[in-house]
Amino acid sequence: MLARVSAIALNTFREAIRNRILYLLLIFAVAMISCAQILSLLTVGSEEKIIKDFGLASIELFGVLTSVFIGIGLVSREIERRTVYTLLAKPIHRFEFVLGKFGGLVITLFVNTAVMMAWFFVVLQVKGIFDPRLVTAVALLYFQFLLITAIAIFFSCLSSPILSGVMTLAFYVIGHLLWSLDLLRDRIASPAGKALCGVLYYLLPNLGNFDVKGEAVHGLPIPPAAVGFAALYLLLYGSAVLAGACAIFQRKELQ
Amino acid sequence: MSARRLRMHPRGPKRLPHRGLIMAVLELSRVSKSYITHLSLRKYWILRDLSLAVEPGEIFGFIGTNGAGKTTTIKLALGLIFPDSGSIRLFGEAADRVEVRRRIGFLPENPYFYDYLTGTEFLDFHARLFGIGAADRRRRVGELLERVGLGNRGDRQLRHYSKGMLQRVGLAQALVNDPELVILDEPMSGLDPIGRREVRDIILDLKARGRTVFFSTHILSDTEMICDRVGMLVRGSLKAVGTIDDLLTREVRFWEVSIRGLRDDRLPCGQIVSRREDLVLARVESQQELKRLLAFLDGRGAALVSVTPGRQSLEDLLIQEVRSAADAGDALPAARDSGEERHAG
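The following paragraphs examine the structure supplied in this document. Residue positions are counted from 1 within each chain, in the order its sequence is given. Labels are handed out in written order, letters beginning with A for the chains and numbers beginning with 1 for the ligands. The predicted nature of this model means local features are confined to residues of pLDDT at least 70 and side-chain atom pairs, given and counted, to a pLDDT of 80 or more, with totals for whole chains, interfaces and linings taken over all residues.

A short note on the overall build of chain B
Check the secondary structure of chain B and you find 10 helices and 16 strands. Burial analysis of chain B (345 residues in total) assigns 42% to the buried set. Here contacts are defined at the residue level, using C-beta atoms placed from the backbone and a cut-off of 7 Å between them. A sequence separation of at least 24 residues applies to 70% of the contacts in chain B between residues at least 6 apart. The secondary structure listing takes helices from DSSP runs of H or I that are at least 4 residues long and strands from runs of E that are at least 2 residues long, numbered from the N terminus. With C-beta atoms placed from the backbone, a residue counts as buried when 20 or more other C-beta atoms lie within 10 Å of its own, as exposed when 12 or fewer do, and as partly exposed for counts between those limits.

And the structure:
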């Protein structure tokens, strides 16, 4: 099983790194991270914060875009272009195909994030800044990308690339605003409303768990427990989403 | 439909003359498949009660018009879609068992593969899925590229391949595991005459190695040339199955006579089919008419160029079956819907 999943993952990675869209996104990311230095000139006294803030935001933006735009095409594009026919006529289980596709993007995102982080540290180094908390912040962003990829694959198994893209981006936005649902639960009077808010709060992905940009930028400590919780959350939530994707794909008619 | 033509084996292993008890390589038993439209929620049948058995070591041609359900049948056999009812078995096992696919090779219709992989990488990837070791993969990929005529093109990315080259590399991936059963969906489509001949040679070579080949096609001349047996699908139903000799009437049905130097168009019998400069092609329906025509020509000083007997072809039979299905009101609701063409393939 592992050999087949890794073969599909490596193939997906190979396809992704030869895709011009990835390079385009990466060039934009590098350009934006570089812009942080120019933007920092506009402020007095908080240059370091601007560079860190803008750099992390750029990594997040382009990481999310890569996750969504490559993630949504992973399964649905294979069906659309009928490349999946030859694969599934081989002795591979459908879940191995889904996991392989996910694995390929995990590797792609790792390389992508590593390149963006390396350039970010070059930009910081020019200013003589180094903060290990930034590595933790980027690692948690990477965890977030993986969860978004799992969600993108889930929707990719369910519908067309465009709809999958819209739904995944909607989940990304909701995932960062989930705290407002918690707030609403406290303020709402109706017990049914409270229960609904509670269910949605735990059902929807809480991407706030991966957000330590504020701590990293302002030099605040990042508790190891928060990192551990984020990793555990990714493992459990991500596994559940992927299991759902595999279950849907298992009975999908490949017309 | 004469009973002579329908030699189907819907259930279980069957006893063939001189071969004892054998297990069908691919067996569909009373398989039906429908789809429901999104808007009207109407049910359209693509296949109805299809029963078919492909025997080991044979080349089986699966023919039919567009939208007859050939590709649907192949997808069902490979577990890419699921039947509404009926059972499908490969080598005696349920077709949805993943392990049974180790023994199968498949080429889809109009194959479209990963753009950014080279031919060699593409075949290597497919060989990996069968757990073939690195050294064996290298050897096998090289051999296959040679076999399909892409020996010096393996390092080019697939997006630079022509349609014919994609068809060839697709055929190579179908053979990467040296399969016992090769399923090819329209393997000749998109190929030039040389490519078609090469594919025919590969199919015949597979048979010579004891492999079974099941392929769908529109190109009936190829089918007549290489198939041991043929199945004819019309509007989701199997109308005929058997050897070419079983299916076609071999007696002469008409004669085509090519004549040079005939001055006028009046013939004692038959009709003129075409005239090009002083070469006339005439058609007569019986041997008596042929004799009369030859005697007529003898007295006119016209030169006889050739006399060709006309026999029933698969194309004649297919057209006849399609017409009789339409006359009998055999049309499935799906066949009247243009969307069905897309689905059934």
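After that view of the structure, there is still more to cover.
Focus: the sheet that holds strand E3 (residues 26–36) of chain B
Residue and element names in this part refer to chain B. Spatial ordering of the open sheet is given by E4-E3-E6-E7, a layout of 4 strands whose pairing is antiparallel. Of all strands in the sheet, those bounded by a partner on one side alone are strand E4 (43–54) and strand E7 (93–94). Two strands are said to pair when DSSP picks up at least two bridges between them. In this structure, E3 lies alongside strand E6 (residues 85–90), joined through 5 bridges in antiparallel fashion. For serine 32, the partnering residue across the bridge sits in E6 and is serine 85.

Quick look at the packing of helix H3 (residues 47–80) of chain A against helix H7 (residues 161–176) of chain A
The relative placement of two packed helices is expressed as an angle between their axes plus a distance between the axes. Residues and elements named next belong to chain A. Angles shown run from 0 to 180 degrees and are taken between the N-to-C directions of axes, each axis being a line fitted to C-alpha atoms and, for helices, limited to the stretch in contact. Between H3 and H7, the least distance of the axes is 9 Å, while the angle of their chain directions is 145°. With respect to the hand of their crossing, H3 and H7 are arranged in right-handed fashion. Facing H3, whose interface residues are Val64, Val68, Phe69, Gly71, Ile72, Gly73, Ser76 and Arg77, H7 presents Pro161, Ser164, Gly165, Thr168, Leu169 and Tyr172. Residue classes in the contact of H3 with H7 are distributed as 7 nonpolar, 6 polar and 1 charged. For a crossing to be left-handed, the near helix must be turned anticlockwise from the far one by less than a right angle; the clockwise case is right-handed. Each residue receives one of three labels: charged for Asp, Glu, Lys and Arg, nonpolar for Ala, Val, Leu, Ile, Met, Phe, Trp, Tyr, Cys and Pro, and polar for the others, Gly being one of them.

Focus: unusual backbone geometry
All names here are of chain B. The phi dihedral of arginine 30 falls on the positive side, at around 50°, and the residue is not glycine. Mapping arginine 30 onto the fold places it in strand E3. In this structure, phenylalanine 91 takes a positive phi of about 50° despite not being glycine. The residue phenylalanine 91 is located in the loop between E6 and E7 in this model.

Points about helix H9 (residues 314–327) of chain B
Every α-helix winds through 3.6 residues per turn, so residues three or four apart in the chain are directed the same way. Residues and elements named next belong to chain B. A helix is expected to reach a length of 1.5 Å times the quantity of its residues less one. Here H9 spans 20 Å end to end across 14 residues, near enough to the 20 Å set by a 1.5 Å rise per residue. For H9, the set of buried residues is Leu314, Leu317, Leu318, Glu321 and Ala325. All buried residues of H9 lie within an arc of 100° about the axis, which places them on one face of the element. Counted as exposed and oriented over 90 degrees from the buried face of H9: Ile319, Arg323 and Asp327. Lining the buried residues of H9 we find strand E5 (59–64), helix H6 (220–226), strand E11 (229–234), strand E12 (237–242) and helix H7 (244–247). Note that the arc is computed from the directions linking the helix axis to the C-beta atoms.

Section: helix H4 (residues 163–174) of chain B
In a regular helix each residue adds 1.5 Å, so 12 residues correspond to 16 Å; H4(B) covers 17 Å between its end C-alpha atoms and thus fits that length. Here H4(B) lies mainly inside the structure; 9 of its 12 residues are buried. Considered for burial, the residues of H4(B) that qualify are Met165(B), Gln167(B), Arg168(B), Val169(B), Gly170(B), Leu171(B), Ala172(B), Gln173(B) and Ala174(B). Tucked inside the fold, the buried residues of H4(B) contact helix H4 (83–88) of chain A together with strand E8 (104–107), helix H2 (119–128), helix H3 (134–147), strand E9 (181–185) and helix H5 (193–208) of chain B.

A closer look at the pairing of E8(B)
Residue and element names in this part refer to chain B. Alternating positions in E8 separate into two faces, Ile104 and Phe106 on one and Gly105 and Leu107 on the other, with burial throughout. Pairing between E8 and E9: 4 bridges, direction parallel. Bridge pairing links phenylalanine 106 to isoleucine 183 in E9.

Here's the deal with the environment of Ala295(B)
Residues and elements named next belong to chain B. Take alanine 295: it is sitting in helix H8 (residues 287–298). Classification of alanine 295 by C-beta neighbours within 10 Å gives exposed; the count is 10. Counting along the chain gives 216 residues from alanine 295 to glycine 79, while the straight-line C-alpha distance between them is 63 Å.

Remarks on the interface of chain B and chain A
Every contact between the two is made by 24 residues of chain B and, on the other side, 22 residues of chain A. When contributions to the side of chain B that touches chain A are tallied by element, the ones reaching two or more residues are E8 and H2 of chain B. Its residues placed into classes, the side of chain B that touches chain A shows 16 nonpolar, 4 polar and 4 charged.

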